[in-house]
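One-letter residues, chain by chain:
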There are 2 protein chains.
Amino acid sequence: MAHVVIVGGGFGGLAVAKRLARQRGVAVTLVDRRNFHVFQPLLYQVATGGLSPADICAPLRSVLAPYKNVRTLLGEVTGFDLDGRRVLLSDGELAYDYLVIAAGARHHYFGHEEWEAVAPGLKTIEDATEIRGRILGAFEAAEKEPDAERRRALLTFLIVGGGPTGVELAGTLGEIANDTLKEDFRSFRPEEARIILLEAGPRILTAFPAELGAAAERALLSLGVRVKTGVGVAAVDAEGVTLGDGERIASRTVLWGAGVKASPLGAKLGAELDRAGRVVVTPTCQLPGRAEVFVLGDMAARQGQPLPGVAPVAMQQGRYVGDAIGALLLGKALEPFVYLDKGNLATIGRAAAIADFGKFRMSGFLAWLLWLFIHIMYLVGFRNRVQVFVHWAFQYLSFNRGARLITGR
Amino acid sequence: MAHVVIVGGGFGGLAVAKRLARQRGVAVTLVDRRNFHVFQPLLYQVATGGLSPADICAPLRSVLAPYKNVRTLLGEVTGFDLDGRRVLLSDGELAYDYLVIAAGARHHYFGHEEWEAVAPGLKTIEDATEIRGRILGAFEAAEKEPDAERRRALLTFLIVGGGPTGVELAGTLGEIANDTLKEDFRSFRPEEARIILLEAGPRILTAFPAELGAAAERALLSLGVRVKTGVGVAAVDAEGVTLGDGERIASRTVLWGAGVKASPLGAKLGAELDRAGRVVVTPTCQLPGRAEVFVLGDMAARQGQPLPGVAPVAMQQGRYVGDAIGALLLGKALEPFVYLDKGNLATIGRAAAIADFGKFRMSGFLAWLLWLFIHIMYLVGFRNRVQVFVHWAFQYLSFNRGARLITGR
C-alpha cells in the first residue's frame, strides 16, 4: 500500500485526493491547518457582506467522507524530512511514499510587511471577516463623526492593486455605497463615499486584452469608482496613503490586493525558489531530484514559463499529479504537465463582467451571467450551490447584502 | 420633538423602536455596541454548525432603515447621567427625553467566573462560533489521539444546565455524533461520543409540565444523550468536571447553560437590583422615581413576580413601552404591563420538540413542525426566513450541517 500525503486542502490538494480516491493500492492522507476548503474566487463576496463564510467553504471531512482510502487530518505542517520521507507536524509526523505540497500563497507587501496591519489583504476567511468589519466600521464611524474632513477620510476607501481581486472589491464597494446602504444613514449620504482603485502599472486587469480592461474600467466608473493607474504606493499608515508621485490621500480603510507570495513551506524544502517564493519544479510538477515529491498550484513555478495563480491551474495540476502518482506506481514514465487555458473571467459589481476566451471576448451583463453560472457550478458541495444561488437571487432583486456583520472580539 | 434613546437592539429594543417609528413628534436613537440584531433562540444552531451567523442576524441599520425618525448608532454605553438626562458613551454622549434600557443578559457562573474560560456559555455570535470551534476541534483532536483514555475525554461533551439552551445543545450534539459525522472519521466512530446533560434540580426543563419534561428526556435518550439530574457542579477545569457528589468526569468540552445575569449596565443606574443583577422596575416598566426611564427584557425584574427570560416577554414589553411613551407625551396615565403567555416551546434534535399552551400540550414531530414554523416566522427580515428555510430543508433531508467551520485566529 503506497501512502500519499497531501499538504493543503485547496483546489490543488483536493483535486489530487479525488483523483486518487478509490484507487487500489493507495492510501491518502490530506493534512490542512483548517478544517475546511475555501472557494477563494468568492472571498471578496464575504469581505463585502454578500455571502457568509459557510457559503463559500466546505468542511474537508464531508467533501472527502465518501472516499474510504482518504483520511483527513487537521494539523500544522512545520517542515519536511525529505531523506526520511516524513512530513513534520507541530504535534507529530507523517511517513509518506509520495508527497504532494499544495499550500497556496499569501499576500505580499514587497518588503513592507508593517503595512499589513493597516492594509489587510484577502486570502483567508478571517481576512474576509476582518475586511468586512473594517468597511462597515468606517461607515458606522462616519455616522458619528461631526468633522467634515475626518468624515471624508472615513468614507475614502483605497484599494491597492488592479488585478481581479482589487477590481472585484472596488466594484462591490461601489455597489454598497450607491445601492445597499442608500437608506441606512442619517448624517451623510453613502454615495459621498470615495472609492479609489490604485494600480502601479499602466492599466488594470493586465491578464486581459486591453479592450476588456477598458470595458472593466468604464463599468467601475459607472459605479463611482475612481481608477488611478501608473502610480505606486510609497507609504501606508493608519491615516492614509502616500503615492509614488507625492500625493497624499487620507483614508481610514486601505485594502491590499497588489501581490502574492507563496506559502513559507516552500522554503523548507531546500530547493530553488523564484522571487515570489515559489518552488521551481520540473515540467512534471516534481521537485528536482525528488521524483516522489510534487509541488503544485500557487506554490509552484514552472521552469521558464510561469502560470497564472488561478484555480484552474491548481485543479488541472492536481488531476495531473493524481494520475502521475498512479503512473509511477505502475513504473510508467511521466509526460509533462500541459495547462489548458479555458479562458479568463472577472466581475465588476452586480451585473457586469468581462470574459476572455481567446478569439471570443465579451463584456457586460451576459458576461456576468456566464461568470455567475461558472462560479456556482464550481462551488464545492451541492448545498452551497443552492444556498449561494438563493443569496444571489435575493441580493440581485433587492440590492440587499444580508451578511453585513461586524464580528470578532 | 421628544428624543427617545434606546439602549440595545435585541427583541425588546427593536420592538420599542418599531412602535415609535413614524410617530409624530418623536425622534428615536437606538444605540447598540453591535451593528446587528441576533435572533437568540437559534444561537445553538450556529454553535452546532447548522446555520451561519448571518442566517440568524439582521443588520440593525437595514431593519430600521425604513423609519426615517429612527437613527441607529454603533456605540458602547458606559454609564448614565440620570439627573442631566444623558447617556454616556465611550466616545461621546446622548441627551434624551425618554430613555429605554434593554441591554439583555450574559451567562452566570455563580461566583466562579474563572470557569468561563473552560466552560463557555452561549449568548453572543462570538460565543456560538467559539463553541462550534471547540466541538469540531474535539472531534478533530480525537482523530489524531492514539491513547484510548484521552480520546474518551475528547469525545465526552458535558452540558451544564437542563434549561432550553442546554437541552437544545445536547440534542443537537447527539444528532451530530449519530448522523452528521457518521462517515467523517477513520480512527473512531462518532457514535462513541458521550453527551452528558447535567442538571442540579430534580428534572430538566422545569418551566414545562412534568410530562413534557419526561418526553424531552426520552427524546434525548434516543439521541444517545445521558441526562443526570439532582447533582450540581463542584469544580470545572480544562480536564473535566467534578460533580457535587464527588464523581469526576473527564471531558475536554464543557458548555455552560446554567444561569444568566443581567447586563452590568443595570448596576450603573443606582437603583435596586435583584440577585441576578436585574433592575427592579415598577409595574409600568419604569425605574422607580424616574418616570422617563424604562427598563425591560432580561434586564428588568418586575416587583414581586419575575417573568421568564424569553423573547416574547421582551417583545411585549417593548411594544408596551413604545405605547407608554406615546401616552406620556399626551399626558395620559399608564396602565400596568400585563404579560400574555402564549405558550412555551423547546426542541430536541432534528425532529422532536415539546409544546405547552396551558391545556393544550404536545410533543414529538408535530410539535417540532410547529416550533420550526414559529421560529422561521419570527426571524427578522424576509431574506433570513427564506435562507434558513432552505438550510433546514436541506439539513433535514441530508443529515448534513454545512456550517461546520473552525474559524478565528
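These figures come from a predicted structure and were not determined experimentally.

A closer look at the relation of the copies chain B and chain A
Superposition of chain B onto chain A requires a rotation of 180° combined with a translation of 0.0 Å along the rotation axis, giving an RMSD of 0.0 Å. Here the transformation between the copies is reduced to the relation of a two-fold axis. Same-surface contact between copies: 100% of interface residues of chain B are shared with the interface of chain A.

Digging into the packing of aromatic side chains
Residue and element names in this part refer to chain B. In this structure the tally under the stated criterion is 20 aromatic pairs over all chains. Centroid distance F139 to F188: 6.4 Å. Interplanar angle 20°. Geometry classified as stacked. Of this pair, F139 sits in helix α4 (residues 125–144) while F188 sits in the loop between α6 (164–180) and β12 (194–199), and the two are 49 residues apart along the sequence. Each member of the pair, F139 together with F188, is buried. When the centroid spacing of 5.9 Å and the interplanar angle of 15° are considered together, the rings of F357 and F360 count as stacked. Assessed through its relative accessible area of 48%, F360 is described here as partly exposed.

Structural notes on the sheet that holds strand β15 (residues 240–243) of chain A
Residue and element names in this part refer to chain A. Pairing within the open sheet is antiparallel, and its three strands lie in the order β14-β15-β16. Looking at strand neighbours, the two that pair on one side only are β14 (233–237) and β16 (248–250), the edges of this open sheet. Adjacent strand axes in the sheet meet at a mean angle of 15° when their direction is disregarded. Sheet analysis places β14 next to β15, joined by four bridges and oriented antiparallel.

So, the environment of D147 of chain B
Residue and element names in this part refer to chain B. Position of D147 relative to the elements: it lies in the loop between α4 and α5 (148–154). Residues D147 and L158 lie eleven residues apart in sequence; the distance between their C-alpha atoms is 20 Å. Looking at D147, its side chain comes within polar contact range of the main-chain nitrogen of R150, at 2.8 Å.

Some points on helix α4 (residues 125–144) of chain A
The end-to-end C-alpha separation of α4 of chain A is 29 Å, in line with the 28 Å expected for 20 residues at 1.5 Å each. Taken across its 20 residues, α4 of chain A has 15 buried, putting it largely inside the fold.

Let's talk about the interface of chain B and chain A
With 49 residues of chain B in contact, the opposing surface of chain A contributes 49 residues. Note on chain B versus chain A: buried area summed over both sides is about 4,500 Å², and carbon and sulfur give 52% of it. Linking chain B to chain A there are seven salt bridges. Among the ionic pairs, R61 of chain A bridges to E140 of chain B, the shortest N-O distance being 2.6 Å. Across the contact surface, chain B and chain A share 24 residue pairs in polar contact (both at pLDDT 80 or more). Mapped onto the side of chain B that touches chain A, the elements with two or more residues apiece are β4 (57–59), α3 (60–64), β5 (70–74), α4 and α10 (382–398) of chain B. A per-element tally of the side of chain B that touches chain A places α4 of chain B first, with eight residues.

Re the side chain of T172 of chain A
If you trace the backbone, T172 of chain A turns up in helix α6 (residues 164–180). Apart from residues no more than four positions distant in its own chain, T172 of chain A is found in contact with Y44, T48, G349 and R401 of chain A.

Brief notes about the confidence of the model for chain A
Looking at chain A, the pLDDT average stands at 92 and 98% of residues meet or exceed 70. Interface confidence for the predicted complex, given as ipTM, is 0.86, next to a pTM of 0.91.

Side note on the pattern of salt bridges
When the charged atoms of two side chains lie near each other, side chains of opposite charge can form a pair. In this structure the tally under the stated criterion is 43 salt bridges over all chains. For R361 of chain A, the salt bridge goes to E211 of chain A, with nearest N and O atoms at 2.8 Å. Placement of the pair is R361 of chain A in strand β25 (residues 360–364) and E211 of chain A in helix α7 (residues 210–222), with a sequence separation of 150 residues. The class of R361 of chain A is partly exposed, set by a relative accessible area of 36%. The partner of R189 of chain B in a salt bridge is E191 of chain B, and the shortest N-O contact between them spans 3.5 Å. Among the residues examined, E191 of chain B registers a relative accessible area of 33% and is labelled partly exposed.

Looking at unusual backbone geometry
Phi is positive for F110 of chain A, which is not a glycine, with a value near 50°. Position of F110 of chain A relative to the elements: it lies in the loop between β10 (105–107) and α4. Within the chain, R22 of chain B stands out as a residue other than glycine whose phi angle is a positive 65°. The residue R22 of chain B is located in the loop between α1 (11–20) and β2 (26–32) in this model.

Describing the side chain of Q317 of chain B
As for its position among the elements, Q317 of chain B is in helix α8 (residues 311–329). Ignoring sequence-local partners within four residues, the contact set of Q317 of chain B consists of C285, L296, G297, L307 and F337 of chain B.

As for the pairing of strand β11 (residues 156–160) of chain B
All names here are of chain B. With respect to burial, β11 is a largely interior element, five of its five residues being buried. Burial along β11 is two-sided: T156, L158 and V160 facing one way and F157 and I159 facing the other are all buried. As defined by bridge partners, β11 adjoins β12 across five bridges and the pair is classed as parallel. If you follow I159 over to β12, its bridge partner there is L197. Where the polypeptide runs from β11 across α6 and back to β12, its parallel neighbour, the crossover connection is right-handed. Two strands pair when backbone bridges link them, and β11 and strand β17 (residues 253–256) are joined in this way by four bridges, in the parallel orientation.

So, how was this worked out
Residues numbered from 1 in each chain as written. Chains lettered and ligands numbered in written order. Predicted model: local features only at pLDDT ≥ 70, side-chain atom pairs only at ≥ 80, totals over all residues. Heavy atoms only, no water. Least-squares fit on C-alpha atoms with pLDDT ≥ 70 in both. Contact = heavy atoms within 4.5 Å. Phe/Tyr/Trp six-rings, centres within 6.5 Å; stacked < 30°, edge-to-face > 60°. Helix = DSSP H or I, 4+ residues; strand = E, 2+ residues; numbered from the N terminus. Buried < 20%, exposed > 50% of the residue type's maximum accessible area, 1.4 Å probe, protein only. Pairing = 2+ DSSP bridges. Axes fitted to C-alpha atoms, helices over the stretch in contact; angles between N-to-C directions. Polar contact = N/O pair within 3.5 Å; in protein donor to acceptor, adjacent residues only side chain to side chain. Expected span 1.5 Å × (residues − 1). Buried area = accessible area lost by both parts, 1.4 Å probe. Salt bridge = Lys/Arg side-chain N within 4 Å of Asp/Glu carboxyl O. pLDDT = per-residue confidence, 0-100. Right-handed = clockwise from strand over helix to strand, strands pointing away.

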